[in-house]
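One-letter residues, chain by chain:
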Amino acid sequence: MRSFQFFILSLFCLSSVAQNSVTISGYVKDKTTGEALNGVFISIKGVKEASSSNAYGYFVCRVIPGNYWIQFSYIGYETDSQYITVSAAKVLNIEMNPSSKELGRVSVSGQKRNKNVEKLEMSTIQLNAATIKKIPAVMGEVDLVKTIQLLPGVSTVGEGATGFNVRGGSVDQNLILLDEAPIYNSSHALGFFSVFNPDAVKDVKLIKGGIPANYGGRLSSVLDIQMKEGNKKKLSGSGGIGTIFSRLTIEGPIKKDKVSAMVAFRRSYADLFFPLANNDLLKESALNFYDLNMKVNAMIDKKNHLYFSGYLGKDNFRFAELFGTSWGNQNATLRWNHLFGPRLFSNNSFIFSNYRYELGSPSGPFAFKWVSNIKFYNVKSDYSFFLNSNHTLLFGMQSIFYTINPGGTEQVKGNSSSNIINVKLDNKYSIEPNFYINDEHRINSKLSMQYGLRYNGFASIGAAKVYIYKNPDNRLVREIIDSNIYSNGELMNYHHGLEPRFSFKFTLDKNSSLKGSYNRTRQNIHLVTQTAAASPLDIYLPSDKYFLPQIADQGTLGYFRNFKNNVFETSFEIYYKKFNNLIDFRDGATLIGNPYIETEMLRGTGYSYGTELYIRKSEGRLTGWISYTWSRTRRTVAGINEGKEYAAPYDKTHNANITASYEINKRLSVSGTFVYSTGVPYTAPAGKFAFQGWILADVSGRNSLRVPDYHRMDIGITYKGKKKKWHQGEWVLSAYNVYARRNAYSVYFRQNPQNPAQTEAVRVAVFGTVIPSLTYNFNF
Amino acid sequence: MRNSIYIICLLILSGCQDVIDLKLPENQTGKLAIDATLYKDSLAQVKITKSLAYFDQTTFPEVIDALVILKDGTDIDTLQHIGGGNYIGKKIRGKVGRTYTMEVKSGNESTTATAILPRDGHRIDSIYFNEIPFLPANFTDRIVTNMWLQEPLGPGDNYLFRFEKNDTLQTRPENIDIRDDQFVDGVQLKDISVGVLLKKGDRVRVEIHSITRECYDYYFQIINNTVRQGGIFNPPPAPLKTNWSNGALGYFRVSSVVSIKGIVP
């Protein structure tokens, strides 16, 4: 700790080296709402290096005193150019105007917006809420995760599956942050909708490679979601009534320009009609999900800003008195931004998250209740220090405390006739310290580099009982030779390691650049699942004596080029990624309530490589993107597929997406999406045999065949109503799977139910038909 | 517990399925499939066939010329072929706690399996029937079998339930019923529902076989490969981990059996 303070002090000393340049710093905000803008590109005429605003809208540039044209550009906003005179350190707070709705108007013609080419970051895509809302969606609900799945390098095991897969990574390898708090299950209704209410989201950033050292904890990607802060200028709101959800968001100033708040709620309502049913079972059943987002932010003074964000989401499912389950995330984040000076920006956060599920049967001979959860407490400090024009340092530390309750049975209150006895697995406690430093170094006008290092530690602490096996590499329940008992708070095991991160950008010419990166990532929280799509009832387990940290190394190279005066942004990237200590489970393993779970665990390696092409147009009447990915993802796990390499369940050789939106006139716009990909792999039998009256498949190998190719088209039409005194409405008509293709989710094999002597193959499709929907949205 | 999860799995995505034509590689057929059992106080019974390509709809070839030998550590019993690929033992009868080894030789193939007869002590106390109230009106079979059982104290017991309705063993994949004592160790189990739906006058017979954990896992994988296929939360099908060596299929199951009979009043 002391050495850390010394480190900060020494940074100040370094920076005090006499330089005749001065800083320009300030916040960039939306003029209509007062919300901070993340990632605004700031360029100064006559100065080569460019800068961009951080997640809180803060930016710093450094110039030699003089007169300058400074320009702020951001997608969806009018570019703001100002002529400024700089003699000493200058504070410049900017409020940008959202783009005029006048069609075809380019806000400032002839100006550069080549962020894509000039920025050091690669394999990173930022989307704002407006972009997400343009895409036609399933059952009329615009969805963040479904939009992410249209980006290059992202795939999914199928429709209705939870989460997404990035560059060969499994769903639990994505660090999904909602205002810095981790989301463990990003889905409602088992995977059809994501938990992010689009009305509450400000912007989203997906980082697939070249991950800076300030992010850690998961192997494959970061999905960083910022919630809306709340309108600081006036009371406003938005909402909608759709086929699945109804939504309402209200935001406004509590103290104008200083304090504002936002509250968003949505709920599905299919089950509100259950009581009307003439079936007694249905009357007592429930099927619903909801999200509550809230955020308060207060600008205390010019140097201090406080933010509080919260999220509460839940899925409820109850089938009369027979069976019920519920699950959901609860998150809270408290953040304090503090400016030590124009050049040192700090953010301190306290983050809590809890993912919990419950299932049970309230009555009958097997009445029981089962609760499992993962609690996360994180205390974290992040600093960004603008050393000089050539170095921007990010450094910080965090300490995470996990309590994982793998679950157990409980008696149901007031039911003494149940056969179930109480069996509870021990809670697992862990502490994860992290430190990082990252330098963004501009070497000359053409070459920039970023080098970072992250230290990750992971301590398992008691109380717990750890079994010792005769053969630690092949653990068998019948070969337990001893057990170690640890007392409360006792250190049981410590894993640690370094995560180097490196990237570079080399500018080739005005419109193109070459970028590359290498990063290592470590993961200590592992999803325990065996199914192709993760279920909400899957548990997470921490690294310990037997579960080792998963490690990935990724190298990426990319060519970035803009065309037609930056109207078209394109990128072409290739990547190679190697996975170590991947966790999998023995076939037929018991994963729930198993006190010897390590005996079911298998360890493996994997790799993924591929190329990604991305063409995006974000200006004009026609906007959208085309993405194409060619990739290959393989795993090798001793104990699966006889130890031979096999295709990952989400491996798709070709994956192409086109999404486009066209404004016909001020009121009417149309949008469409087309998706094509190679079918996912499945396992087929090598033969069949007779056993005890059944005909059983002789399964050998894993994922050797593929389901037919997947393709689908969706369309949407949006008609905006006239702007009334108090509100403006909009109708969205959309159709999912327009040509009603029966895309195979999987293929399985069975005895014919009518004639059991006959064996056959069955195709399973999730949506075999077109799904039309109508949604009404409004804002005021 | 596990069943609860199946319920969720069944509730979603049960529709939207159709039978399709596929070509599969057919290079691993003709393996020995050995279905062997030895029960407490009974003689061994074995049925040997050969495996077929998955879409081959002919009957399974019976192996009638195999040499089948059972050993219990002291005695050796050569089983006798009684026709149709069925073999029965002549002298060794199952005893709790003993380890049995069976060898099968056919042509130039040979395979061995070893199994222990797990402890008994489970007991069926009573059987009764009741009508399920919430079934749709068009169901003619509306009655379910319930039992009271005693599970012996001490963890690690596993069971296979078999159900006969009107003298016919129920052998659809969804009739596989295996249970363990993880959450019910030493409990007198009340109101345990078993088997298929019945109507007045049906005769039932329920057997509970004690099985080893390895055997439980084999049946569990059969469930994974049959009933639990086609939904989005299903695991991929996986090889059945048999106790037969050298790539032979099937299982050598050694159990002690308790049973009860009843007639729906």
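Structure: above.
### Quick look at the packing of aromatic side chains
Residue and element names in this part refer to chain A.
Next, step 1: Counted under the stated rule, the structure contains 47 aromatic pairs over all chains.
Next, step 2: The interplanar angle of 55 degrees and the centroid separation of 5.5 Å between the aromatic rings of W69 and Y83 together place this pair among those described as tilted. You can see W69 sitting in strand β5 (residues 66-73) and its partner Y83 sitting in strand β6 (residues 80-86), a full 14 residues away along the chain.
Next, step 3: Between the aromatic rings of Y576 and Y607, the centroid separation amounts to 6.5 Å while the plane-to-plane angle is 15 degrees, which identifies the pairing as stacked. Pair noted here: Y576 is in strand β38 (residues 568-585) and Y607 is in strand β39 (residues 601-617), with a separation of 31 residues, a long-range link.

### A closer look at empty space enclosed by the protein
Next, step 1: Per the counting criterion, the structure on display carries 12 cavities of 30 Å³ or more.
Next, step 2: As a volume, the largest cavity reaches approximately 780 Å³.
Next, step 3: Elements with a contribution of two residues or more to the lining of the largest cavity: β35 (525-528), β38, β44 (681-682) and β50 (744-751) of chain A together with α2 (213-225) of chain B.
Next, step 4: In terms of residue class, the lining of the largest cavity is made up of 24 nonpolar, 21 polar and five charged.
Next, step 5: One number sums up the size of the second largest cavity: a volume of about 350 Å³.

### Here's the deal with the interface of chain B and chain A
Size of an interface: often given as the accessible area lost when the parts come together.
Next, step 1: Taken together, the contacts link 78 residues of chain B with 80 residues of chain A.
Next, step 2: Between chain B and chain A, roughly 6700 Å² of surface is buried when both sides are summed, and carbon and sulfur atoms account for 63% of that area.
Next, step 3: For the chain B face of the interface with chain A, the top three residues by lost area are Y54, F183 and F233 of chain B, together amounting to 12%.
Next, step 4: Counting the contacts that link chain B with chain A gives four salt bridges.
Next, step 5: One salt bridge in this structure joins D217 of chain B and R586 of chain A, with 3.7 Å as the shortest N-O distance.
Next, step 6: Remark: the boundary between chain B and chain A carries 21 residue pairs in polar contact (both at pLDDT 80 or more).
Next, step 7: Within the side of chain B that touches chain A, the residues separate by chemical class into 41 nonpolar, 21 polar and 16 charged.
Next, step 8: Bridge analysis of strand β51 (residues 759-765) of chain A against strand β1 (residues 17-20) of chain B gives four bridges, and the strand direction is antiparallel. From the neighbouring strand, V762 of chain A faces β1 of chain B, where its bridge partner is V19 of chain B.

### Here's the deal with the side chain of Q550 of chain A
All names here are of chain A.
Next, step 1: Locating Q550 in the fold gives a position in strand β37 (residues 550-563).
Next, step 2: One polar contact links Q550 to H526, side chain to side chain, over a distance of 2.9 Å.
Next, step 3: Excluding its chain neighbours within four sequence positions, the residues that come into contact with Q550 are D172, Q173, L219, T521, R522, Q523, H526, N580, N581, L582 and I583.

### Section: a nonpolar patch on the surface
Residues and elements named next belong to chain A.
Next, step 1: Among the surface-exposed residues, L622, Y662, I664, V670, I717, Y719, W731, L733 and L774 lie close enough to one another that they form a single nonpolar patch of about 780 Å² accessible area.
Next, step 2: Contributing elements (two or more residues each) for the nonpolar patch: β48 (710-720) and β49 (728-736).
Next, step 3: With relative accessibility at 43%, the residue L774 sits in the partly exposed group.

### Re the pairing of strand β7 (residues 86-93) of chain B
Residue and element names in this part refer to chain B.
Next, step 1: Note that strand β3 (residues 43-50) and β7 share four bridges and pair antiparallel. In the sheet register, V46 faces β7, and the bridge partner there is Y87.
Next, step 2: Of the pairings in the sheet, the one linking strand β6 (residues 80-83) to β7 comprises three bridges and is antiparallel in character. Within β7, the residue paired with H81 across the bridge is Y87.
Next, step 3: The loop that links β6 with its antiparallel partner β7 comprises two residues; one of these, G84, has a positive phi angle of about 65 degrees.

### Let's talk about the sheet that holds strand β2 (residues 41-44) of chain A
Residues and elements named next belong to chain A.
Next, step 1: In space, the four strands of this open sheet follow the order β3-β2-β5-β6, with antiparallel pairing throughout. Unpaired on one side and paired on the other, β3 (51-52) and β6 mark the two borders of the sheet.
Next, step 2: Relative to β5, β2 is paired through four bridges, and the arrangement is antiparallel. Bridging from a neighbouring strand, F41 pairs with S73 of β5.

### Details of the sheet that holds β51 of chain A
Next, step 1: Spatial strand order, β50(A)-β51(A)-β1(B): three strands in an open sheet with antiparallel pairing. For this open sheet the edge positions go to β50 of chain A together with β1 of chain B, each flanked by a neighbour on one side alone. Between one strand axis and the next, the sheet turns by 35 degrees as a mean value, whatever way the strands run.
Next, step 2: Summarising the sheet, β50 of chain A and β51 of chain A pair through seven bridges and their orientation is antiparallel. Note that in β51 of chain A the partner of V747 of chain A across the bridge is R763 of chain A.

### Quick notes on the environment of Q221 of chain B
Next, step 1: Inspection of the secondary structure puts Q221 of chain B in helix α2.
Next, step 2: In sequence terms Q221 of chain B and P237 of chain B are 16 residues apart; their C-alpha atoms lie 8.0 Å from each other.
Next, step 3: Filtering out sequence-adjacent residues up to four positions away, Q221 of chain B remains in contact with D587 and G588 of chain A together with P237, A238, P239 and L240 of chain B.

### Some words on unusual backbone geometry
Next, step 1: For the bond running from G462 of chain A to A463 of chain A, omega is 5 degrees, close enough to zero to count as cis.
Next, step 2: Its location among the elements puts A463 of chain A in the loop between β30 (447-461) and β31 (464-469).
Next, step 3: Despite not being glycine, D257 of chain A shows a phi value in the positive range, around 65 degrees.
Next, step 4: In the Ramachandran plot, N246 of chain B falls in the positive-phi region, its phi being about 55 degrees despite a non-glycine side chain.

Criteria and thresholds
Residues numbered from 1 in each chain as written. Chains lettered and ligands numbered in written order. Predicted model: local features only at pLDDT ≥ 70, side-chain atom pairs only at ≥ 80, totals over all residues. Heavy atoms only, no water. Phe/Tyr/Trp six-rings, centres within 6.5 Å; stacked < 30°, edge-to-face > 60°. Helix = DSSP H or I, 4+ residues; strand = E, 2+ residues; numbered from the N terminus. 1 Å grid on protein atoms, 1.4 Å probe; cavity = no way out; pocket = protein on both sides within 12 Å on 5 of 7 lines; lining within 4 Å. Points joined across faces, edges and corners; volume = space filled by probe spheres on them. Nonpolar A, V, L, I, M, F, W, Y, C, P; charged D, E, K, R; others polar. Contact = heavy atoms within 4.5 Å. Buried area = accessible area lost by both parts, 1.4 Å probe. Salt bridge = Lys/Arg side-chain N within 4 Å of Asp/Glu carboxyl O. Polar contact = N/O pair within 3.5 Å; in protein donor to acceptor, adjacent residues only side chain to side chain. Pairing = 2+ DSSP bridges. Patch = residues over 30% accessible without salt bridge, like charges linked within 9 Å, V, L, I, M, F, W, Y side chains within 5 Å. Areas by Shrake-Rupley, 256 points an atom, 1.4 Å probe, with all protein chains shown as cover. Buried < 20%, exposed > 50% of the residue type's maximum accessible area, 1.4 Å probe, protein only. Axes fitted to C-alpha atoms, helices over the stretch in contact; angles between N-to-C directions.

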